[in-house]
Structures are given as C-alpha cells and as structure tokens.
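Below are the chains, spelled out letter by letter.
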Amino acid sequence: MSNGHIFEYLDYYLGLSHPPHYAVMVNGPWGIGKSFNVKNHLQKLKANGKKIAYVSLYGAKSTDDIAFSLLAALAPVKDNKYAKLGTQLAKAIYRRIGSGTAADATSWLPDNFCDLIVFDDLERAVLPPDEVLAFINTFVEHEGRRVLIIANEVEILEKEKYLRVREKVIGITFSLIEDVPPALMHFIANIGDEGARDFLTQNFNSILDIFAQSETHSLRVLDQSLRCWERVYKIIAADLRAKRPGMEQAFKLFLALALEVNAGRLQREHLTSRVDTIVAGSMIKQKDPAQKGTPLSIAQDRYPRIYLHDSILSDEVLIQTLCDGKIEPATTNASLSIDEAFVAPDEEPNWRKVWHGFLRETSEFENAFARLESEFQHRVFDDPGVILHVLGLRNWGARIGELKKSEAEVLDEGKAYIDDLRKEGRLRRWSFRDYRHGAFGLGFQDTDRAGFTTVYDYFFEQSGLAYRETWPALGKSLLEAMSEDAELFRGRVCWSGSHTKPDCADDPVLTAITPKTFVNTLLDASPAAQRTILEGLQERYQTGRLSESLAEEKPWLVEMHHELQGRIPALAPIRRYSLSADTKRLLGPALEQAKIDDETGELIAEGD
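Residues numbered from 1 in each chain as written. Predicted model: local features only at pLDDT ≥ 70, side-chain atom pairs only at ≥ 80, totals over all residues. Heavy atoms only, no water.

Visitor: Sorry, what's going on with the environment of G451 here?
Guide: Note that G451 resides in helix α21 (residues 450-468). We classify G451 as buried; its relative accessible area is 14%. As for G451 and E409, which are separated by 42 residues in sequence, their C-alpha atoms are 9.7 Å apart. Each residue touching G451, except ones within four places of it in the same chain, is listed here: N395 and L411. (Helix = DSSP H or I, 4+ residues; strand = E, 2+ residues; numbered from the N terminus. Buried < 20%, exposed > 50% of the residue type's maximum accessible area, 1.4 Å probe, protein only. Contact = heavy atoms within 4.5 Å.)

Visitor: Just to check I follow, could you spell out the state of the cysteines for this structure?
Guide: Covalent bonding between the sulfur atoms of two cysteines is what defines a disulfide. One pass over the full model with this rule turns up 0 disulfides. C228 carries a free sulfur, and the closest cysteine sulfur to it, the one in C323, is 9.8 Å from it. On the accessibility criterion, C228 (13% relative accessible area) is buried. (Disulfide = S-S within 2.5 Å.)

Visitor: Can you help me understand unusual backbone geometry in this one?
Guide: What is expected of a backbone is that most residues other than glycine have negative phi and most peptide bonds are trans. Positive phi, close to 55 degrees, is recorded for R379, a residue that is not glycine. Summarising the element assignment, R379 is placed in the loop between α18 (362-377) and α19 (384-400). Notably, D446 is not glycine yet its phi reads approximately 60 degrees, a positive angle. As for its placement among the helices and strands, D446 is situated in the loop between β7 (442-443) and α21.

Visitor: What am I meant to see in the packing of aromatic side chains here?
Guide: For any two aromatic rings, the description comes down to two numbers: the centre-to-centre distance and the angle of the planes. Within the structure shown, the criterion is met by 21 aromatic pairs. Centre to centre, the rings of F199 and F251 are 5.4 Å apart; their planes meet at 90 degrees, and the pair counts as edge-to-face. Of this pair, F199 sits in helix α8 (residues 194-202) while F251 sits in helix α12 (residues 244-262), and the two are 52 residues apart along the sequence. In this structure, F199 and F251 share a single accessibility class: buried. On the basis of an interplanar angle of 85 degrees and a centroid distance of 6.2 Å, the ring pair of Y467 and W471 is categorised as edge-to-face. Judged by its relative accessible area of 11%, Y467 falls in the buried class. Members of the aromatic cluster, each reached through a chain of ring pairs, are F199, W229, Y233, F251 and F254. Between the NZ or CZ atom of R394 and the centre of the ring of F376, over which it lies, the distance is 3.9 Å. Positioned above the aromatic ring of Y458, the side-chain terminus of K415 is 5.3 Å from the ring centre. (Phe/Tyr/Trp six-rings, centres within 6.5 Å; stacked < 30°, edge-to-face > 60°. Lys NZ or Arg CZ within 6 Å of the ring centre and 35° of its normal.)

Visitor: What is the right way to read the pattern of salt bridges from this model?
Guide: Opposite charge on two side chains permits them to pair, given that their charged atoms come into close proximity. On inspection of all chains with the given rule, the structure shows 34 salt bridges. Between E248 and R244 there is a salt bridge, and its shortest N-O distance comes to 2.6 Å. Here E248 and its partner R244 are both found in helix α12, 4 residues apart, which amounts to about one turn of the helix. On the basis of relative accessible area, E248 is assigned to the buried category, the value being 19%. We note a salt bridge from R492 to D503, for which the minimum N-O separation is 3.0 Å. Of this pair, R492 sits in helix α23 (residues 486-493) while D503 is found in the loop between α23 and α24 (515-524), placing the two residues 11 residues apart along the sequence. (Salt bridge = Lys/Arg side-chain N within 4 Å of Asp/Glu carboxyl O.)

Visitor: Could you clarify how one ought to interpret the packing of α18 against α19 in this entry?
Guide: For any two helices packed against each other, the geometry is given by the interaxial angle and the distance between the axes. As a packed pair, α18 and α19 sit with axes 11 Å apart at the nearest point and diverge in direction by 125 degrees. Here α18 lies oblique to α19, going by the angle between them. α19 is crossed by α18, and the crossing has left-handed handedness. Every residue of α19 that contacts α18 at F365, F369, L372, E373, F376 and Q377 is listed here: V390, L391, L393, R394, W396 and G397. Looking at the contact of α18 with α19 residue by residue, the class counts come to 8 nonpolar, 2 polar and 2 charged. (Axes fitted to C-alpha atoms, helices over the stretch in contact; angles between N-to-C directions. Parallel < 35°, antiparallel > 145°, perpendicular 65-115°, else oblique. Left-handed = near helix turned anticlockwise from the far one by under 90°. Nonpolar A, V, L, I, M, F, W, Y, C, P; charged D, E, K, R; others polar.)

Visitor: Help me out: how do you make sense of helix α9 (residues 204-214) in this one?
Guide: Each turn of an α-helix holds 3.6 residues, which means side chains three or four residues apart point in the same direction. Taken as a whole, α9 has its buried residues at F204, I207, I210, F211, Q213 and S214. Just beyond α9, the residue with positive phi is E215, at close to 55 degrees.

Visitor: Looking at this model, I keep getting lost on empty space enclosed by the protein. Mind explaining?
Guide: One simple way to see leftover space: roll a probe sized like a water molecule over the atoms. Applying the stated rule across the entire model yields 2 cavities of 30 Å³ or more. Taken as a whole, the largest cavity spans an internal volume of roughly 40 Å³. Lining the largest cavity are L391, N395, V410, L411, G414, G451, F452 and V455. Listed by contribution, the elements that provide at least two residues to the lining of the largest cavity are α19, α20 (407-423) and α21. Broken down by class, the residue content of the lining of the largest cavity amounts to 5 nonpolar, 3 polar and no charged. Reported here for the second largest cavity is a volume of approximately 30 Å³. Lining the second largest cavity, in full, are I6, F7, L10, V24, V26, V38, L148 and F174. Elements with a contribution of two residues or more to the lining of the second largest cavity: α1 (4-14) and β1 (23-27). For the lining of the second largest cavity, the element with the most residues is α1, which contributes 3 residues. (1 Å grid on protein atoms, 1.4 Å probe; cavity = no way out; pocket = protein on both sides within 12 Å on 5 of 7 lines; lining within 4 Å. Points joined across faces, edges and corners; volume = space filled by probe spheres on them.)

Next up, the structure:
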C-alpha cells in the first residue's frame, strides 16, 4: 500500500499555471499518520524552494484565531518581510490592518507570500467546521490561493451544514491509507538511545507484524509504545540485553500490551493476575459464545503467537511502566532474570525442566525429575507459586508413572510438606489473586484432578492460618506507623493510587490491636496525623468491604468508635471539635455500613 498518488497530485496542484479555485483535502482516522505523511512531503517541497504556511486549527474558537495563526505561520517563509513575526506581533498586525473581520486581515498579504497554505486538524476546531471552511474559502475562491486541508471527517458533527459548504470549497479528497513501514523507519530513527534503536531495527518485521495484529491503525499509538520500550531497554542490565531470544520475547509481550494500553483497550486492573483473567475470559466464551470475554482475553485473541500472560515481565513491572509511567530498574531486571528465557540451561530450576518435559530429551527430563524429587524431600521450596507447581507436577508424575507412588501417597506427602513448612515458619501466604490457575506464566499441572485440587485447597487453608498467626506482629508494626509515619499507616491499610503494597488492606488485621490501644495511639498522634489515620480507615472500609473481606472487623470498629467517643469530651475544645467532625465525616459511612446506632454505639440487631 502506498500514498504516493496523493503527493503526486499535490505536486500537480501546485504546478498549475492558473488559480485552481478549489482546495485539496487529505482525510483519514486519528493516528493513521495524516500529518506525519503530509509534513514529510512538505519538507521535500521546501527543499525545492516552495513556501509553505502550516496552520493547526486545533482549539480555534473564531476566525480571528485562524487569522492570527496564519500570520504567525509566516515565520518559516524566509524571503517574506513578515518572516519573523510571532503570534503576538501577528495579533498586533491584525488589529492595525484588519478592518473588523478576520477575512479583511488577509487582504494585505502579497500574492507570493506562500505557495501553499495547509490547515490541519479541521475536526478539532471549536469553531463549527462549516464556518472554518467559509473562512478558508476567502483564500480559495476570492484570492485563488492553493490550500490543503487535513481532517478526520468521521469526527465532524453537524454533517448537513458542513457538507453544504464543503461542496463549494473542496475540489478533491484523498483518503490516506495506512503505510506503516516508512513511518516506522522514521520512529526508529528518532529513538535517542543507540542500543534501543539498533534493537528495534533488528526487530523491524516483528514490529510490523504485531502492529498489524493490534488493529489499532494508529501510528501515534505505535510511536508512543516504541518510546516507552526505549525507556525500559535503557535500564535493562547488559548481561540480560546480550540474551537476544529472551529480549525478543520480552519485547513482543511488551509491545502488544503497550499497544493495547495506549489504545485505551486495557487499564491497570486488566494487567493484574493475567493468567486468571485470560482463563476467565475463555470460560465466559465457552459458556456463551455470544459473550466477548474479558478485555485481556479479547486482546489475547488478537495476538495468537504471543502469550499475554507470560511472566517474563511481571504484572507489577507492566503496571508500573504502562499505567504509572514509572521505570524501576531493580524490579524490571529481577523479573527478567528469573525467567527461563534468560536463565542458562545449568541455571534453570528443575521444576521448570520437568514442566517442559515434553520438549526435552528423555534423559534430561528423568534427571530433572529425580533432582526435583530430592529437592521436595529436603523441603527446598517455600515460594507459594513454586510449591503449587511442584505439587501439581508430582501428582502428574505419579499418574504417568514417572513417580512410583500412588496419587493418594502423593497427596499425603504434599500435605506433610505444607505442615512442615508451617512448623518451620516458612509457609508463606497464598492468594487467589496471585496464583489461581498458574504462576510464573505457566499453568499448574493436573488442575482438574482431585489429588491436586485437594492439596491446592489445603495449601490455601494452611497458608491462611499461618498468615493469621502473623497478625499480632503486623498490628504492632501498624501502631508504630501510626506513631511515626501516619501516611505509611494509611498506605498499608487501604488500596489507594499512591501506595502499591498495602500489605494489611485485604484482611481484618486490625482485630489484632485492642481498640483501647488503637485509640491511645491515635490520640497521641499530631492533629494532621490523626486525620490521615482516619482517612486511611475511611478508604479501607469503602465500597462495601465491611460486609465482605473485612466483615470480622465490624465489632472491632464498633468498640474502637465507642472508646474514641468516650475519650473525646476530655480533649481541648479545638481538638474535641476537629476530631468529632473528622470522625463523623470519615467514619460515618463505615459505621452506618456496620449497622451502628450513633447514640448507643452498639450493633443494631438484624431486622431492626
């Protein structure tokens, strides 16, 4: 595909020996590269001595605005006496020369002030497009000047009025065709980091392929995504960059998701628990083919050769980079360095070798399985995702005959492993949000077998109990945060945009703190800290969470509120007033949700 015919006609249009008395339009959707392609050709025209005035109509509220912009656009016309006029001088000229209308201000312009006037962003003018065209017509019809208009006509409203004027002004319209390769060459050439530029050049065809699959049809989105990758590439460690297959795998995943995010199809919540999200979408479509699935599963369908759940870049890294604009070298390099694509064969963990056993030589698989079994017996693993993989692999190994044990024996040994870790204080918390169907970009083996699902549930139960045993220590650390850094307390007990690791937000951890101790610590804090602490509780309990994951905290909240109300009357008047107001404003909705009687401070019985 090529747009060469458009610019061949533009050359013909400029070369006409007589005034054409019509304008030329280049039409196309947002981001397809209209301005990019036109500006590239204008550079060639300028190199051949043509004088161009380029005006953006973006935000123009009146014909005066357009006139000012046109006068300011004369700056690039070097042989014109008004060449150095800026916008402010342009306005002054207009006021002195113009006789009251913007059209009159153009009458002073010499015939040869430029060869072509370009008006871009027609649909983005605040002034109705029919009025913009009526003004442009003063150049086209009355002065015989050559005019090029760039627009996305799909976005133009009030079509009837617009079309009536359009017919008189525009003689020919070209629809720009997406022509990605030259634009991509330009984007890569403008990448500042030499290493990133070379990497993108080497992956030129992959970029074209992924962009075509995205169906975004927006060169701006592509350029934005490549510039984001440049920021990531620059902080990747040199030894990781040297591993080309891994880098290419990471880049393809990154580019596909960057295109989706920058096109507005995916948000931060869609990049959390990608395995679960894609599986959930597939299940929705299986149950009802008329349903589309989840946004991430829909995106996965667009990229059949890229696994959008690949953990080579973790959820945390992708959210930080694509949604928050943060580039974290340590987090990014850690995510890459543990992935199979960046691990040398002798460094690859045995559980991964077993998982990929169907692609490995028999001897390699058998040796890896034997080493995995030894690691299991010695209780090497304590990462929840790894443990669940190992439990699934052992169940699968027994089923196919690699592990000479019954599935019942494997189940008992799996439970014993979990019990031993708990006794040693090594049983780390497990969460459905983190691991449901898989971890590290790989699905668990035997998820449909009773042996695995039983030990899976047992792990969840025991890790939850083990986590609950840590609540007293967590409660103590929260009290310390209340005393030393109220913002830290707030960030740990609620989900908010400014905190990414609220370790105590999802569970009723506050029940480990006696209400009296909590109130004592609250009252010892500064007035500003008191408000921050109460704001943390407000955010903690919003969106109905007191009836869901934090239901156990209802009695605690009742008692804490009762204790606080009993202490407030003894405070100084200003503290009494401010704390009473803040408590009512910030805790009122939560107390109502907990069915608290404001007069008695007691729970209202069901049915009252």
